[in-house]
Structure formats: structure tokens, C-alpha cells
Amino acid sequence: MDAPTAGHTAQADASADPPDGVSRRTRRLTAVISLVVVGGALATALIVLTGSRTQGPVATPALGGWLPLLLLGVTVVGDLIEVRLRHGGEAEGLTLFEAAVVADALLLSPRIAVLIPPLAVAIAAVIGRRPAIKTIFNIGSFAMSGAALIGMVTLFSAQGEGITAQAVLGLVLGALCFAIVNVLCLAQVLWVTADVPVRQTLFESWQLSAIMGVGAVGVGGIAVAVLMSSPALLPFALLPALAMTMTFRAQVQEAEERERSGKILDLSQVLASRRVTDDLLSSFLDLLRETFGAGTALIVLEGDEENSGVVVEAGGAGVRRRQLTALDAALLARVGVGTELVRTGLPDRWGRMLLAPLDAEGIRLGVLALVEPPTRRPRLKERDLAVFSPLVSALGAALRAAGHLERLVAETSKLKAVVDFSSDGIYVLDPEGRVVVWNPAIAHVTGVGADAAVGRPLTEVMSTLGAEGGPVDPLREALDELTPDEPRATVEMGVQRADGEQRWLRASHAAVFDGDDLVRDVVIAHDVTRERQVERMKADFIATVSHELRTPITPIKGYVDLLRRKGDSFTPDKRRECLDIVADRVAHLARLVEDLLLASRVSSPASAVRMGSGDLVHLTAKAVGDFAAQKQRISTCLPPGEVTAACDPVRVVQVVSNLVSNALKYSAADSPVTVRLAVDEGQAHVSVADEGRGIPADQLERVFDKFHRVEDPMRMTTAGTGLGLFIARQLTAAMGGTLSVSSTLGVGSTFTFSLPLQAKGQPIEAPASIPWPRGAQARRSASADAPPAGAPPVPRAGE
């Protein structure tokens, strides 16, 4: 960018496209202009009030009273003949105005000479139809700088003495002051309107400003000297200045063309970049406006059946979107098949307009218009059509590409959302078996995050197991089945996580082939760990129940057969003993059936319990008392008095009995079992602690699952169906309580049964008379196993 200059007409386009409303930038610009105008008025008043001379340094008796009017005309012409320089969105002009002011200072009295610059600027603004705010700024700026120049000339020269050395010194100093004041005023405006730092403007301007100031002294002084000595030669004295102006104008035009070429290159880069539509239009329009020096660039996009049209407009206030107006509709109706420069039939605030249809792939998208305000020297010309038309065509193609890109991004976002939020694991492999996509679900299952998986071979990401439990290649079995004719296959495999947990996956492969070559493999992995656990529990249950049923059925069958064959020969006592054993085994079978029925009933709390209240001290002691045969192993710690809880008393006894039975079963025959009752913060806690084998950490919650046994059913050393703890927790939840467990392997386990306390003042209800199913007895085992040999008959609950 060419350096901004002073020592000439510092006409900043401060008024171009002001934003709607009073923005911060507008307020700052208004403050700067106000200060400039006030400064110019004060400087002019100072010269008028203090000046006492009736003429300037050069006496002109021959011209008399016509001289001020003649010099005013010369100064106006000097202001109108200019070479424009651009500073981003702002502009300034290089003129002969300062040379004319030098002539004014030499030929007129200070009082009159100081009035010529602001008057000439006002007249030139009317002739050139310059914006009002720009004119006000220039009047203030030149009033202040002109007063500085005339003051210096008055200070260093004498009235009527001619152009002496002192007068020349005053002219040079005055011209420098003229340049400094104009550059400072211009720098403030560029800082406010274009964010150009003041220091940058001063640094770029001072050299050219100084040269132009000294040159103005030479042009103006020589013109005055020639006028006074040989008036006929005056036009020839001005020819070098005019030639210099024309040469500089050509250089400026060449610089502007270079700048435009650079901006066109920037436009091509914007069009070639992948941008969404809004970003593309904003960047393109703003840069297009700067490229052609227009005030406004706008695109009117046609609507369709679903959406109304929209206008994207770029101006001095930035880029904004708005709805169509009648003027926009007229633009759509006016545009033909080609680009045109419109000079007539435009609104008053529009001077010229470049208009072009916006098409893409034979489809009319809308129109694009470049508009400049009315000006004496329009920037939009016929020659611009050759550059404007290809840019508009390229924009149409870029808009279509941006639309395709947005639709692609939208579809990709939908697909990504499906992949990211899928409950099944999804991963995609390239032909070499490397991970390309790894969604959160598969990361959760395998314990390997996407950052660690993407880009690595699947064999390094997952440690997989086959049906036999040995390590296998996670891809080999599937790849053996995938072919172009059969691109789908499903395999099951185990995954060994880093934390030791094992998961089972059903991996459904969908391969994409290019001919015979595998392009990618999309795999949906469904976690079937729970299904396998259920299948194993079913198998375990069948094995357990078969074992439990076989235990009582064998003696029943044997004693029944014995009584049938030899019963008549038995003594009554022997016959009664055989029948008692048969009855005990039948009771054992009844308990197994009751557990199965109760396991299905506790899923519906309303049918499983009858809520009331009960004394947990009494109920706990009652449950422990049922194990009289092993009372030497059981110790109790119960508080004095009553601990009343909201509960079903019968179910409380059943839950505590199950917990005590479990503790006795899974600990050594001589190890103690401790039952405690404690009250804490509105809750009563019954804990049963043993010193048995303990429970692995990964099975602490699973022990409450239906049919779950910590032991392998093929090697189990304790009897039971695996329903006791499941029933206990379900009954506890139905009563509004909790049942939890803590355990350390090799040390023991503690089960804690908690219930909310009964509110004070509420009477304690008698234990609900809930009849047990026929043949039911109190639980002494989590799996309703048979009583130990020699133990007395187990009393019924409530007996």
C-alpha cells in the first residue's frame, strides 16, 4: 500500500457506509471530527483577531479587490485536481491545494488568506458532491493547517517586501506545519475508522508529506513570482506541476492495479477454500468490495417453495443478512443473461452499480451487485466487467460446492452421532486390519480408548479368546469367511480387558470389496457377556437343582421300596423311623419348591410382604434361636430395650435366618459367627459376620443374583440352589431397606441388613400372621439345603 500523505488534501473517506445506530466507533469518529472542527475555528479566529496587515508579503496593487475571488477560484481548482490514494477502506487525495494556499499567504492579508482554505474546501465539496461528514472534517482540518501556514509566513515576513529569504523560511516552516497538522488529523481518522495505528500512519507519511510541502512552496512561490514579473508566462510556470500530478496519478493507478491483482488472488483463494456458505459469502463479499473500491457488495439469493429469499450485504458496517425488500426483488427481475454496468434508474444513494446473474450448473441462484455512492469520480467502470463477470461465475460454482459440502457434513454428523451413541460397539478396519473408527461403546467394552486404538492393528488393540479359552486372532476366523460373494460373517470371541475382566462379543462383519480386494471391514460388536452369564446360570441351576433333588429322592425311593418289601416285618419303632426319614426328605423337597416359587413372587413387592412394624431385637433373637444345634458358634450383640422398625416381621426372621445360615455354611465348623444390631441415624442395622473363605471383589454384587453360586457347580462343596441371597435382598427392598456385603478373601464376610426405624408414638404391631406355604420351615441356608444329621426337627416360622 502506498504511504498516506499530507501536504495536500487529506480527505479521508471517514463517512463511507457508517453503521446503523450509534456504535462505539461512530462515537469516537464524531469526537475526533468535533475536536478538529473546534481546533480549526479557534486557529482561524486567532489569525483574524490578531492580524493587522492589509496585504501579504507581495504587494498586488494592480489586481485590487478581485484578487481574493481569483485566488479562491484557484484554490478550489487546486482542491478538485487530485490523485487518490487508498488506505484499506479509506482514501486521501494528492492535490495542488497546498500550493494554492502558499499563493494565498503571499498575496493576501492574513485575515483574508486564512478564510480562503475552508471556503475553497466547502465549494469543492459541493461541486464534487462529497459526503457532509467528510466535508466538515476537511473544513476543520484545513482551517487549522492553513492558519498554521499563514501564521508562519506572517511571523517570518514583512508586508510588501516581496519573497525574501525570511519569507521563504516562513513558507517552508508553514508548509511543514500544514503537513504535520493534516497528517495528525488523518491519522486519528484512520485509527478510528480503519484501525490503522497512529504511529504507522505518521511513519508512512512523513517523508512524502515533507517533500510535497517543500514542493508546494516551490510551485506556489514560483507561480507568484512569475505572476508579479511576467504574468504571460504564468501558465507555463504551472505546467511542470501539472505534469508531475499526471505522472503521479499514473503511478498511483498502476499501484492500485497491482493491489487489485493481489486482492483478486485472495478472492481466488477464498473460492478455492472449503468453507460453509455463510463464511464463503461473508469473506468473498467483503474482499470483493475492497477489490473494486465499492461502498456496498450484496448478493440477493432467490427463494424456493420452502424458504424465502435472503440478502447478504457487505458494507462499512460489516456483513449482515436480511430479508428481501422491493429493491432487491427489482434487482432479481432486472438482471439479464450477462453482466452490466448500471448508471441510471438507481436509488438516490446509489451512483453506479455492477450487476451480474449468479448461476451454477445452469441453475439461477440469484444476483450479485457492487454499488458505489454518487461521486464526481466514479471507480466502477466498463473495464471492470471483464474481471467482475468471471469472479461471479466462480462464486456460483463455489456456492454449489459449499452446499454439497454442508450436506455432506450434515450426513457425516448424523452418521457420527449414530456411531458415537450406539449401544453396540462399532469399529472399522482398513485392508491391513488397522483400526480406522473406534466408537465409545467398543471402548467401554474393551477398556481401550479411541486415541489408543485408532491407527493400530486390531490384534494389538484387543486380546481375544476363543471358545476353548485360548488366545485367538480376532480377524482370522472372520476373514476366512468373508468373500466378495459373501461379504458378511458373524463370530463370537472373548475379550480379556487390561483389568482382568473378561467380556464376550458377537462381532458381525460387513466387508466392502473392490473386485477381489478388501477395502474396509465394518464390524458391529454386540456384548453378549450377560447372555452367556444367563446361559451359564441356567446350566448351573439345572446341575444344582438336579443335585439337590437327587439328594432327598434317593433315600425316599430307598425307604419306600424297603417299606413296601419288608415293612410288614418291621417293628412299629423301626417303621416310624423309616417314615420320619421319608417325611424329612419330602420336607426338603418342599423347601426347594418353596424357594423357586418365592423367587418368582419377590419380583412383585406388594405380594411378597405385609408391612407393619416389629421389634428387631426380638426378631433377630428369634432367627438366631432357630440354630440351636450350632449355638456354640453364634454370638449375638443386641441393644437393651426395643428397636422398632417398619417391616414385615415374618420376612425379617427369614432374611436374618438366611444370612446366619450362609455364614455357618461358608465358614469352618469351628469358626465363630457374630450377629450385631446397631442403630444409626434413623436406621437399624443387623450385621452377620463370619470368618470364612470370603468373596472375590468382582462377585460381591453378583452373589445377590438369582441362581448365582461363588463355587463352580461341578466342584461345589456346599449344597444350595443359589436363591437364598437373591430372595433376601428382594424381600429387604420390598420392606424399604437395603442389604449389602463387604468381604476380604481369606478373612471373612459381613452382610448388613438395614431397615428404617419406626416413627416414635406409633404402636408396635404384633407380628403379622402370614401363613407360610404348606411345608415351609425357617431358612437355615441360602439354598434351602437339608438339615445336618442328628439335628432336631426345624421348627416352622412362628411356632
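These numbers come from a predicted model, not from an experiment.

S.K.: Talk me through the pairing of strand β14 (residues 502–514); I want residue IDs and the actual numbers.
M.R.: Pairing geometry for strand β13 (residues 488–496) and β14, over 9 bridges, is antiparallel. In the strand pairing of β14, Gly494 is matched with Trp504. Between β13 and the antiparallel strand that follows it, β14, lie 5 residues; Gly500 among them carries a positive phi value of about 95 degrees. The pairing of β14 with strand β15 (residues 517–527) spans 10 bridges and is classified as antiparallel. When the bridges of β15 are listed, Ser508 appears paired with Ile524. The turn linking β14 back onto β15 is made up of 2 residues, and Gly515 within it adopts a positive phi angle of 70 degrees.

S.K.: Any details on unusual backbone geometry? Residues and values, ideally.
M.R.: Excluding glycine, most residues fall at negative phi; most peptide bonds, likewise, are trans. At Glu681, a position not held by glycine, the phi torsion is positive, near 50 degrees. Relative to the elements of secondary structure, Glu681 occurs in the loop between β19 (673–680) and β20 (683–690).

S.K.: So, the confidence of the model for the chain: which residues are in play, and what are the values?
M.R.: Of the residues in the chain, 82% reach a pLDDT of 70 or more, and the chain-wide mean stands at 79. Considering only residues more than four positions removed or in separate chains, one finds that residues 1–22, a stretch of pLDDT under 50, has 91 contacts. A low-confidence stretch, residues 87–91 stays under pLDDT 50, and its non-local contacts, those more than four residues away or across chains, total 19 contacts.

S.K.: Any chance you could break down the packing of aromatic side chains for me, citing the residues and the numbers?
M.R.: A full pass over the atoms with the stated rule returns 5 aromatic pairs. The interplanar angle of 45 degrees and the centroid separation of 4.8 Å between the aromatic rings of Phe97 and Phe142 together place this pair among those described as tilted. Linking Phe97 in helix α3 (residues 97–107) with Phe142 in helix α6 (residues 132–156), this pair joins segments that are 45 residues apart in sequence. Per residue, the accessibility class of Phe97 equals that of Phe142, and both read buried. Judged by centre distance (5.9 Å) and plane angle (90 degrees), the ring pair of Phe292 and Phe388 falls under edge-to-face. Taken together, the residues Phe292 in helix α10 (residues 277–292) and Phe388 in helix α12 (residues 385–421) connect sequence positions 96 residues apart. Grouped by ring-pair contacts, the aromatic residues Phe97, Phe142 and Phe178 constitute a single cluster. Taking NZ or CZ as reference, Arg28 lies 4.4 Å from the ring centre of Trp191, over its face. The lysine or arginine in question, Arg729, covers the ring of Phe704, its NZ or CZ lying 3.8 Å from the ring centre.

S.K.: Tell me about the pairing of β19, and please be specific about residues and values.
M.R.: Looking along a regular strand, one sees side chains alternate from face to face of the sheet. In terms of strand pairing, strand β17 (residues 634–637) meets β19 through 4 bridges, oriented parallel. The residue bridging Cys637 from the neighbouring strand is Arg676, located in β19. Relative to β20, β19 is paired through 8 bridges, and the arrangement is antiparallel. Considered in β20, the bridge of Val675 is made with Val688. Where β19 hands over to β20, the hairpin turn is made up of 2 residues, of which Glu681 adopts a positive phi near 50 degrees.

S.K.: Report on helix α8 (residues 198–229), specifying residues and quantitative values.
M.R.: Look at α8: 44 Å from first C-alpha to last across 32 residues, which is about the 46 Å you get at 1.5 Å a residue. At Ser205, α8 shows its maximal bend, which comes to roughly 45 degrees. Taken together, the buried positions of α8 are Thr201, Ser205, Ser209, Met212, Gly213, Ala216, Val217, Gly220, Gly221, Ala223, Val224 and Val226.

S.K.: Account for the sheet that holds strand β10 (residues 435–438), with residues named and values stated.
M.R.: Sheet strands pair via backbone hydrogen bonds, and the direction of the pair is either parallel or antiparallel. The strand order β10-β9-β15-β14-β13-β11-β12 describes an open sheet built from 7 strands, whose pairing is antiparallel. On the outer flanks of this sheet lie β10 and β12 (471–472), each paired with one strand and no other. As paired strands, strand β11 (residues 464–465) and β13 are joined by 2 bridges and run antiparallel to one another. Each bridged residue has a counterpart across the sheet, and for Thr464 the counterpart in β13 is Val495.

S.K.: Mind laying out the packing of helix α20 (residues 616–625) against helix α21 (residues 649–665), listing which residues take part and the relevant values?
M.R.: At their nearest, the axes of α20 and α21 sit 9 Å apart, and the two run at 45 degrees to each other. Classified by the angle their axes make, α20 and α21 are oblique. Crossing of α20 against α21: the hand is right-handed. From α20, Leu616, Leu619, Thr620, Lys622 and Ala623 reach across to α21, where they touch Pro649, Val652, Val653, Val656 and Ser657. Of the residues contributing to the contact of α20 with α21, the split by class is 7 nonpolar, 2 polar and 1 charged.

Cut-off values and rules
Residues numbered from 1 in each chain as written. Predicted model: local features only at pLDDT ≥ 70, side-chain atom pairs only at ≥ 80, totals over all residues. Heavy atoms only, no water. Pairing = 2+ DSSP bridges. Helix = DSSP H or I, 4+ residues; strand = E, 2+ residues; numbered from the N terminus. pLDDT = per-residue confidence, 0-100. Contact = heavy atoms within 4.5 Å. Phe/Tyr/Trp six-rings, centres within 6.5 Å; stacked < 30°, edge-to-face > 60°. Buried < 20%, exposed > 50% of the residue type's maximum accessible area, 1.4 Å probe, protein only. Lys NZ or Arg CZ within 6 Å of the ring centre and 35° of its normal. Expected span 1.5 Å × (residues − 1). Bend = angle between axes of the 7 residues up to and from the residue. Axes fitted to C-alpha atoms, helices over the stretch in contact; angles between N-to-C directions. Parallel < 35°, antiparallel > 145°, perpendicular 65-115°, else oblique. Left-handed = near helix turned anticlockwise from the far one by under 90°. Nonpolar A, V, L, I, M, F, W, Y, C, P; charged D, E, K, R; others polar.

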